[in-house]
Amino acid sequence: MEQSNGSGEQKGKRPVVYISRSDCFSACHRLHSPLLSDEDNKLTYGKCNNPNGHGHNYKVEVIVRGPVDPVTGMVINLTDLKLYINEAIMSLLDHKNIDKDVSYFKDVVSTTENVAVFIWDNMVKRLPPGLLHEIKVHETDKNVIFYRGELA
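The structure displayed is predicted, hence computed values, not measured ones.

Trainee: How should the packing of aromatic side chains be read in this particular structure?
Mentor: We describe a pair of aromatic rings using the distance from one ring centre to the other and the angle between the two ring planes. In total, this model carries five aromatic pairs according to the counting rule given. Seen from their ring centres, Y104 and F118 are 5.1 Å apart, and the 50° between their planes marks the pair as tilted. Residue Y104 is found in the loop between helix 3 (98–101) and helix 4 (112–124), and its partner F118 is found in helix 4; the two are separated by 14 residues along the sequence. Residue F118 is classed as buried on the basis of its relative accessible area of 7%. Aromatic side chains W120 and Y147 sit 5.5 Å apart centroid to centroid with 75° between the ring planes, which places their arrangement in the edge-to-face category. Of this pair, W120 sits in helix 4 while Y147 sits in strand 5 (residues 144–147), and the two are 27 residues apart along the sequence.

Rules of the game
- Residues numbered from 1 in each chain as written.
- Predicted model: local features only at pLDDT ≥ 70, side-chain atom pairs only at ≥ 80, totals over all residues.
- Heavy atoms only, no water.
- Phe/Tyr/Trp six-rings, centres within 6.5 Å; stacked < 30°, edge-to-face > 60°.
- Helix = DSSP H or I, 4+ residues; strand = E, 2+ residues; numbered from the N terminus.
- Buried < 20%, exposed > 50% of the residue type's maximum accessible area, 1.4 Å probe, protein only.

Listed below in structure tokens is the structure:
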């Protein structure tokens, strides 16, 4: 990794900066896989398999990474980023039953891992190519899921 010489630039290259914007949404879901028996679902997901579901106050962080534009001084206009987050996350997930209100989860278990993938897929459609770096979803204060668009 190349370092700046103190002026922010080196040999015509622009500094690369990471920006994180956070928002919170409330949603409910039930962890239940149609590929497992009812007994295996109960063993796998425990109380999170409650037939009536359960809720979370999620915190989501969208992290973008890119060069600072020499004209605007920005990686991305934060007003635009806020709009994209509202379109891609808040309007689709806030105060929703994830399993019933979000068609993506019709056949996908609504784990926080899959919620992070869903958010990534929606954000990457809106942002300039290569700008999205990471999605963090805080399910609780102790459970945080990170996704960077990687496939195995």
